[in-house]
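As a plain string of letters, each chain reads:
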Amino acid sequence: MGWHLLALVLSAISIVRGNIAVIDLGGSHWTVTSENKSISTEATVPGGIYSDLRRGNILKEDVYYRDNDLKYRWVSKTGWTYSTEFEVTDKNFLALPNQFLVFHGVDTIATIYLNDKELGKTDNMFVRYRVDVKDKLQAKNKLSIVIGSPIVEADRISKSLEHPVPPDCTPGSYNGECHINMLRKMQASFAWDWGPAMPSVGIWKSVELEGYHVARIRDILTDITYHEDLKSWHLSVRVILEAGLSQAVVKAKLTAELAVGKKPLRVDSLVNAEPGHGEIEVVSTLMVPASEVELWWPNGYGEQPLYNLQITLASGVEMSTKSIKIGFRTVELIQDHVDPNHLEKGRYFYFEVNKVPIYSKGSNLIPVDILPERSNNESTIRDLLVSTKEANMNMLRVWGGGVYMSDYFYETCDELGILIWQDMMFACNNYPATPTFLQSVRSEISQTVRRIQHHPCIAVWAGNNEMEGATIQKWYIRENPELYYKEYAELYVNTLKPIVLQYDPTRPYLTSSPTNGIESEKAKYALADNPYSNIYGDTHNYDYYQNLWDPSTAPKSRFCSEFGIQSLPQLSTFQKVATEADLASWRTPFFDSRQHLAGGTGILESSVGHQFEIGNLTLEYFAYLSQIYQAGAIKTITEQMRRDKGVLREDGSGHNMGALYWQLNDVWQAPTWSSIDYDGNWKMLHYFARKFFAPVLISPVLNVSSRTLEVVLLNDPNRPLHNVTIVTESYAWNDTRPFRSVKTPLVTVESNSVHKVLTKPLSELLPHSAHHHIAAYYIKVSAVETTPPSGPAPLMEPNYLYLAPLKNSTKYMKDPEIKIRHVVSKKLASGQTEFTITLCSQHISLFTWLSIDEVRGKYSDNGFNMMGDHEVRFVTDNSSVTVDYVLNHMTVMNVQFDPAHQKPTKPEQSSSAATLPSMQWSLVLGVLLTLL
Ligand code: BMA
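The structure contained in this document is the topic of the report that follows.

### A closer look at the state of the cysteines
Part 1: Per the counting criterion, the structure on display carries one disulfide.
Part 2: Across the disulfide, Cys169 is cross-linked to Cys178 (sulfur-sulfur distance 2.1 Å). The S-S bond linking Cys169 to Cys178 shows a torsion near 100°; that makes this disulfide right-handed.
Part 3: Under the relative-accessibility criterion, Cys169 is labelled partly exposed at 39%.
Part 4: For Cys178, a relative accessible area of 26% puts it in the partly exposed group.
Part 5: The structure places no disulfide on Cys413, whose sulfur is separated from the nearest cysteine sulfur, that of Cys457, by 4.9 Å.

Laid out in structure tokens, this is it:
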């Protein structure tokens, strides 16, 4: 049957899935009109009001330009109606017993009308709504979705409650709105400490018209367990069918086919059932011999083979099909007692995949954009996830103040081996426990778990962000705490938990993050006395006042799922949304409105001030220093936590098995905790993450009290290492040769092991005269493996330890005299261009940072230390960039630049030869080298 015969006014596209009819009503044939009808413009579905008004030039500037988050706030203070018209002329379609309009995402409080008759209401942007339109469709149809102002609706609901549900509003520094917790909507859309209030309105996911005789496949859930005795995987496939609401018996054949080995495995089931609430569940089982499939592993631990599982429902009159990709692996969250004889020492908290303990390395994902319609952008999602993998991460936490991500996101995580810690979308707010609210949440949680549960990437579910701590520590509660404790348990324990476990018996559910895990579950209302305990569960740790380059400031918890510090994005990112005057310094009104952390600018300055003198700096240079501080802080803390994997202290703390820093990405151009800015540029932290998360880490640390240097080698579970030599060198800042060099040979280093390879008093590494001047020295460690499969090779990039704050060392440093030896370019098969840039320096150049104007691309390394020759590759999609351009527009910064001076004038433009052998450019102002 050809459903494409259905005519839709204005080119709506018809898609035939199997034989059931699914017609996408999306496109630009929609109109959006303001509540008082003064504005009416073309709209796009999926989309959103800010994007529509911008496209229609009703908003004259980019929504992120300067303070447009405030100027354009009127947009969300009024209601909007989205409408379209479509024709249904196909008699066959109109004769189908089941006809539905399906709304995959309406944001948020809305009433739906078909041909001016009310069809239904929505109150949750995370819920798919299915509305029966049998006998309601006409040849010509008018569909309207009347959406209320989120600000007005949130206020209205808050006034209808019997008791207040705090907090009322976002903190003043956020420039935000009030009562977001009344709405099942992206919680960050009323502002956060890293993002603007852009209270969205719109149809942010697709709208479909579907019709069928019998039923359609909606979700496929899998339960994959390994049976050692049978050497087989037991694959249980649970298919959720949607049928009509009439309870007519569904009779059909359901086939599950798994593409493994030479011949696919297949099982048929007969369906003969009456749907309850329009749904039927069918369970089929397949035994998959272990020899037929390869294991799926997180990034860094092995490959990610995926197998196609196709489900077909054939009823005789029509077919519905759906395919997913699955992976064979087990995942467990281990929370055993550390010492069964000393229960007071707490419990472990780590993941095991295929019985191998995994050190979780990664970050936290905030929404991909504050406008939900842009958060599903596939190329942005791919860029972020590829960057995640490239930084040697194996886990991301999808944080609870954003949105449940698109199918494409989870599919890409499956493909790249990124484990997902999935929060449910509740964050930093108490929530109502009214029957209406809980009913809406039930649909949200069951639809979400059913949609994404089959992805091998998902490791754990968590009920919310920080609400266990916020509730028991009364961050927002002013009176009657018991009432709020009960409501907490009602939502996360009595409502969410059974639904998650019903649809996913294969993974653990944590009520919150941070939490004490099993211990919180045992506590009254699932509220532990101290959800931030070091010996149970996970923690979030922020310390804005100490010098975070001091490893003793690192958390001593089992698993740190948030820790971070702000930095500024690079200048070119700001230039797109600000005037020159806005960017005169980091203390202009523009920055005041972008800095949402109360006191944040002072914190940035004092952070940078731990390591550098802040004099008369340019914004560009201050941003650079802030990125160094951030990168060094997260490096120090992460390395300390990774070293802690091998430590168990008397008080039970230690054995850290997870470091997820806050935060991976940005929603706009602002000072934030991110390692990738809104334009997709890696900040220095992201380049550092690639090294501090590397599977083999050699980490030097100073034991301050004993003035002893310790060097620790960590080998994650990858492969044993053979004949490794670790070289520890001490250098005077002004010397190119090490003062001492200590070689430590190791014959074998087992996989998954931690070794203290060196413990040496500083006095043996530095000259006697250095006793009071350790700031004049630094330590460098490197390692070579002489017999790896591919011949002798450095095991890792060198790691550095500064013995004192850098501002105490600058007087000992010398002008590194950086020169560019040559730049050559090459076209890659991907269509990108790769530039190989060879630099050289006479003395050490610290945190050497390359940038080529605003050209976007990735460096093989950036923010590196170099002495002598150094080669860096730069890959860009921008095909207009030439070697000449690179030579003329490249800036090299390092910390030896004298901040008291203005930005250096640029040297004479050089020849534009593709290769410049040993260029003898003299450097203006010593060390900041700017070409052009
Ligand atoms: C954590 C997060 C976010 C916040 C971040 C930085 O608490 O869960 O709420 O953005 O800190 O303050």
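Don't stop here, the text continues.
### Looking at the packing of helix H13 (residues 600-611) against helix H14 (residues 619-644)
How two helices sit against one another is set out by the angle between their axes and by the gap between those axes.
Part 1: Where H13 meets H14, the axes come as close as 9 Å, and the angle between the chain directions of the two elements is 75°. Here H13 lies roughly perpendicular to H14, going by the angle between them. Note on element contacts: H14 touches H13 through Phe622, Leu625, Ser626 and Tyr629, opposite Leu604, Glu605, Ser607, Val608, His610 and Gln611.
Part 2: Among the residues making up the contact of H13 with H14, the classes are represented as five nonpolar, four polar and one charged.

### Digging into the pairing of strand E18 (residues 250-258)
Part 1: Sheet topology places E18 next to strand E19 (residues 265-273); nine bridges connect them, and they run antiparallel. Note that in E19 the partner of Thr255 across the bridge is Asp268.
Part 2: What sits between the antiparallel neighbours E18 and E19 is a turn of six residues, in which Gly261 has the positive phi angle 55°.
Part 3: Pairing between E18 and strand E21 (residues 307-314): six bridges, direction antiparallel. Residue pairing across strands places Thr255 opposite Thr312, the latter belonging to E21.

### As for the nonpolar core
Part 1: The biggest cluster of nonpolar side chains holds 214 residues, and the ones touching the most others in it are Leu143 and Phe847.
Part 2: The element contributing the most residues to this core is H14, with 13 residues.

### Comments concerning the sheet that holds strand E24 (residues 350-353)
Part 1: Strand order in the open sheet made by the three strands is E23-E24-E25, with antiparallel pairing throughout. Each edge of the open sheet carries a strand with a single partner, namely strand E23 (331-334) and strand E25 (356-358). Between one strand and the next, the sheet's axes are offset by a mean angle of 35°, whatever the strand orientation.
Part 2: Pairing analysis gives three bridges linking E24 to E25, with the strands arranged antiparallel. Within the sheet, the bridge partner assigned to Phe351 lies in E25 and is Ile358.

### Remarks on the site of the ligand
Part 1: In the neighbourhood of the ligand, the contacting residues comprise Trp192, Asp193, Trp194, Trp399, Cys428, Asn465, Glu466, Tyr542, Tyr544, Glu562, Trp662 and Trp673.
Part 2: Within the side chain of Trp192, a nitrogen or oxygen atom sits 3.1 Å from an oxygen atom of the ligand.
Part 3: In this structure, an oxygen atom belonging to the ligand sits 3.1 Å away from a side-chain N or O atom of Trp399.
Part 4: Within the complex, the protein chains bury 91% of what would otherwise be the 310 Å² of accessible surface of the ligand.
Part 5: For the shell around the ligand, the per-class residue count stands at eight nonpolar, one polar and three charged.

### Some remarks on the pairing of strand E11 (residues 140-147)
Part 1: Pairing analysis gives eight bridges linking strand E5 (residues 80-87) to E11, with the strands arranged antiparallel. Note on E11: the bridge partner recorded for Thr81 is Val146.

### Some remarks on unusual backbone geometry
Part 1: Omega for the bond connecting Asp107 with Thr108 falls within 30 degrees of zero, at -10°, which places this linkage in the cis form.
Part 2: Residue Ser513 is joined to Pro514 through a cis peptide bond whose omega torsion reads 0°.
Part 3: The topology assignment puts Pro514 in the loop between strand E30 (509-510) and helix H10 (518-522).
Part 4: A positive phi angle, close to 60°, is found at Tyr525, a residue other than glycine.
Part 5: Within the element layout of this structure, Tyr525 appears in the loop between H10 and strand E31 (539-541).
Part 6: The backbone of Phe847 sits at a positive phi, close to 50°, despite the residue not being glycine.
Part 7: When you line up the elements, Phe847 lands in strand E43 (residues 833-852).

### Focus on the sheet that holds E21
The strands that make up a sheet are held in pairs by hydrogen bonds between backbone atoms, and each pair lies either parallel or antiparallel.
Part 1: The four strands lie next to each other as E19-E18-E21-E22, forming an open sheet whose pairing is antiparallel. Only two strands of the sheet have a single neighbouring strand rather than two, namely E19 and strand E22 (319-326). Averaged over all neighbouring strand pairs, the angle between strand axes comes to 15°, with direction disregarded.

### Description of the pattern of salt bridges
Part 1: Under the criterion given, the structure shown has 51 salt bridges.
Part 2: Among the salt bridges present, the one from Asp582 reaches Arg66, with a minimum N-O distance of 2.7 Å. Of the two residues, Asp582 is situated in the loop between helix H11 (571-575) and helix H12 (589-594) and Arg66 in the loop between helix H1 (49-55) and helix H2 (68-71); the sequence distance between them amounts to 516 residues.
Part 3: Residue Arg266 pairs with Glu257 through a salt bridge whose shortest N-O separation is 3.4 Å.
Part 4: The partly exposed category is assigned to Glu257, whose relative accessible area is 30%.
Part 5: By sharing partners, the salt bridges in this structure join Arg128, Arg130, Glu210, Arg216, Arg218 and Glu242 into a single network.

### Examining the packing of H14 against helix H15 (residues 684-692)
Part 1: Here H14 crosses H15 at 25°, and the two axes come no closer than 8 Å. The angle between the axes of H14 and H15 places the two elements in the roughly parallel class. Two packed elements cross with a definite hand, and for H14 against H15 that hand is right-handed. Of H15, the residues touching H14 (which contributes Tyr624, Gln627, Ile628, Gln630, Ala631, Gly632, Ile634, Lys635, Thr638, Glu639 and Arg642) are Met684, Leu685, Phe688 and Phe692.

### Digging into the environment of Asn19
Part 1: Mapped onto the elements of the fold, Asn19 is located in the loop between strand E1 (14-17) and strand E2 (20-24).
Part 2: Looking at Asn19, the relative accessible area reads 29%, which means it is partly exposed.
Part 3: The sequence separation of Asn19 and Asp869 amounts to 850 residues, and the corresponding C-alpha distance is 64 Å.

### What about H13?
Part 1: Compared with an ideal rise of 1.5 Å per residue, which puts 12 residues at 16 Å, H13 spans 18 Å between its outermost C-alpha atoms and is within 8% of the ideal.
Part 2: Among all positions of H13, only Gly600, Thr601, Ile603, Leu604, Ser607, Val608, Gly609 and Gln611 are buried.
Part 3: The inward-facing, buried residues of H13 contact H14.

### Description of helix H5 (residues 378-390)
Part 1: Taking 1.5 Å as the rise per residue, H5 with 13 residues should run 18 Å; its terminal C-alpha atoms sit 18 Å apart, in good agreement.
Part 2: Every buried residue of H5 is listed here: Ile381, Leu384, Leu385, Ser387 and Thr388. All buried residues of H5 project into a common sector of 155° when viewed along the axis, lining one side.
Part 3: Contacts from the buried residues of H5 go to strand E26 (360-365), strand E27 (395-398), helix H6 (407-416), H15 and strand E44 (858-859).
Part 4: Among the residues of H5, the N-terminal cap falls to Asn377, whose side-chain oxygen and the backbone nitrogen of Ser379 are separated by 3.0 Å.
Part 5: Looking one or two residues past H5, Asn392 carries a phi angle of roughly 60°, positive in sign.

About the criteria used
- Residues numbered from 1 in each chain as written.
- Predicted model: local features only at pLDDT ≥ 70, side-chain atom pairs only at ≥ 80, totals over all residues.
- Heavy atoms only, no water.
- Disulfide = S-S within 2.5 Å.
- Buried < 20%, exposed > 50% of the residue type's maximum accessible area, 1.4 Å probe, protein only.
- Axes fitted to C-alpha atoms, helices over the stretch in contact; angles between N-to-C directions.
- Helix = DSSP H or I, 4+ residues; strand = E, 2+ residues; numbered from the N terminus.
- Parallel < 35°, antiparallel > 145°, perpendicular 65-115°, else oblique.
- Contact = heavy atoms within 4.5 Å.
- Nonpolar A, V, L, I, M, F, W, Y, C, P; charged D, E, K, R; others polar.
- Pairing = 2+ DSSP bridges.
- Core = buried A, V, L, I, M, F, W, Y, C linked by side-chain atoms within 4.5 Å.
- Near = heavy atom within 4 Å.
- Polar contact = N/O pair within 3.5 Å; in protein donor to acceptor, adjacent residues only side chain to side chain.
- Areas by Shrake-Rupley, 256 points an atom, 1.4 Å probe, with all protein chains shown as cover.
- Salt bridge = Lys/Arg side-chain N within 4 Å of Asp/Glu carboxyl O.
- Left-handed = near helix turned anticlockwise from the far one by under 90°.
- Expected span 1.5 Å × (residues − 1).
- Arc of directions from axis to C-beta.

Just geometry here; none of it tells us what the structure is for.
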